[in-house]
Amino acid sequence: MRPGWFSRLPAHAPVGSLRRWLTEPDSLTARCQRHCRQFRVRVVFQGRCRPLADEAVRAQLPVREVLLECDGVPVIFAHSVLSQTRSGRLGRWFAQLGSRSLGSLLFTHPGFRRGPIEFLRIDRHHPLHRRVAALAGDAPAFWARRSRHVLGSGSVLVTEVFLPLITSLRRPVAVSARGN
């Protein structure tokens, strides 16, 4: 665990719907898809840059930032960082995702192992707060979680920031209603 991040949700963590989203053990992409009629991944950045200070890496690495949208509403901001500048097949897959979700790869390919989930309430002092607020509207703080997904000698650290409208996603949409 890195400084500031919690290995369990702290006592001051939200209750109810947001807590259930934060503690979801499986793919958030799949859960979002079950809760809306139209799911979309909007890429807001993909390239090389210096990771955040709490990601404890100094080199410029491949980074991808996306908004997960349900029925046109942004509900999750995801920030993903590869562990190495050259990450073999993981790096190739990462570079070729386009508008597909990273979760669709991480939770369907049998070789991935997920590490523990960490939690943090990011406020105006955290560098992701400014990015999230610019895309999804300002708020004093946002709840986030992150975990490392390992494939062979490479890994990707995925941070998911939950936007306020995530709690408006009430019930799973019936498969026939989604047109599948």
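Below is a summary of the structure that appears in this document. (Residues numbered from 1 in each chain as written. Predicted model: local features only at pLDDT ≥ 70, side-chain atom pairs only at ≥ 80, totals over all residues. Heavy atoms only, no water.)

**A few points about the overall build of the chain**
Inference 1: Broken down by element type, the chain carries six helices and seven strands.
Inference 2: In the chain, the succession of helices and strands from N to C terminus is α-α-β-β-β-α-α-β-β-α-β-β-α.
Inference 3: For the chain, the C-alpha atoms occupy an extent of roughly 45 × 40 × 30 Å along the three principal directions.
Inference 4: Each of the 180 residues in the chain was classed as buried or not, and the buried ones make up 47%.
Inference 5: By element, 52% of the accessible surface of the chain is carried by carbon and sulfur atoms, the whole surface being about 9,400 Å². (Helix = DSSP H or I, 4+ residues; strand = E, 2+ residues; numbered from the N terminus. Buried < 20%, exposed > 50% of the residue type's maximum accessible area, 1.4 Å probe, protein only. Areas by Shrake-Rupley, 256 points an atom, 1.4 Å probe, with all protein chains shown as cover.)

**So, helix α3 (residues 88–95)**
Inference 1: Listed as buried for α3 are L90, G91 and F94. Buried positions in α3, seen along its axis, are confined to an arc of 100° and lie on one side of it.
Inference 2: Buried positions along α3 lie against β1 (39–49), β2 (61–70), β3 (73–82), α4 (102–106), β6 (141–151) and β7 (154–162). (Arc of directions from axis to C-beta. Contact = heavy atoms within 4.5 Å.)

**Focus on the state of the cysteines**
Inference 1: Counted under the stated rule, the structure contains zero disulfides.
Inference 2: As a non-bridged cysteine, C70 has C36 as the owner of its nearest cysteine sulfur, 3.5 Å distant.
Inference 3: Given a relative accessible area of 2%, C70 falls into the buried group. (Disulfide = S-S within 2.5 Å.)

**Some remarks on the pairing of β2**
Inference 1: Across the ten residues of β2, ten count as buried, placing the element largely inside the fold.
Inference 2: Examined bridge by bridge, β1 and β2 share ten bridges and lie antiparallel to one another. Note on β2: the bridge partner recorded for R40 is E69.
Inference 3: Turn length for the β2-β3 hairpin, with the two strands adjacent in sequence and antiparallel, is two residues, and the turn residue D71 shows positive phi of about 50°. (Pairing = 2+ DSSP bridges.)

**Remarks on the nonpolar core**
Side chains of nonpolar character tend, in soluble globular proteins, to be buried together.
Inference 1: Among the nonpolar cores identified, the biggest contains 21 residues, and W21, L22, V75, I76, F162 and I166 are the most heavily contacted of them.
Inference 2: Secondary-structure elements contributing two or more residues to this core are α1 (17–22), α2 (28–34), β2 and β3.
Inference 3: Not counting chain neighbours up to four residues away, the residues in contact with F162 comprise L18, W21, L22, L28, V75, I76, F142, W143, A144 and R145.
Inference 4: Among the nonpolar cores identified, the runner-up in size contains 13 residues, and L128, V132, A144 and V161 belong to it. (Core = buried A, V, L, I, M, F, W, Y, C linked by side-chain atoms within 4.5 Å.)

**A few points about the environment of R31**
Inference 1: Position of R31 among the secondary structure elements: in helix α2.
Inference 2: The exposure class assigned to R31 is buried, which follows from its relative accessible area of 11%.
Inference 3: Distance in space between the C-alpha atoms of R31 and S155 is 23 Å, their sequence separation being 124 residues.
Inference 4: When sequence neighbours within four positions are dropped, the list of residues in contact with R31 reads R20, W21 and E24.

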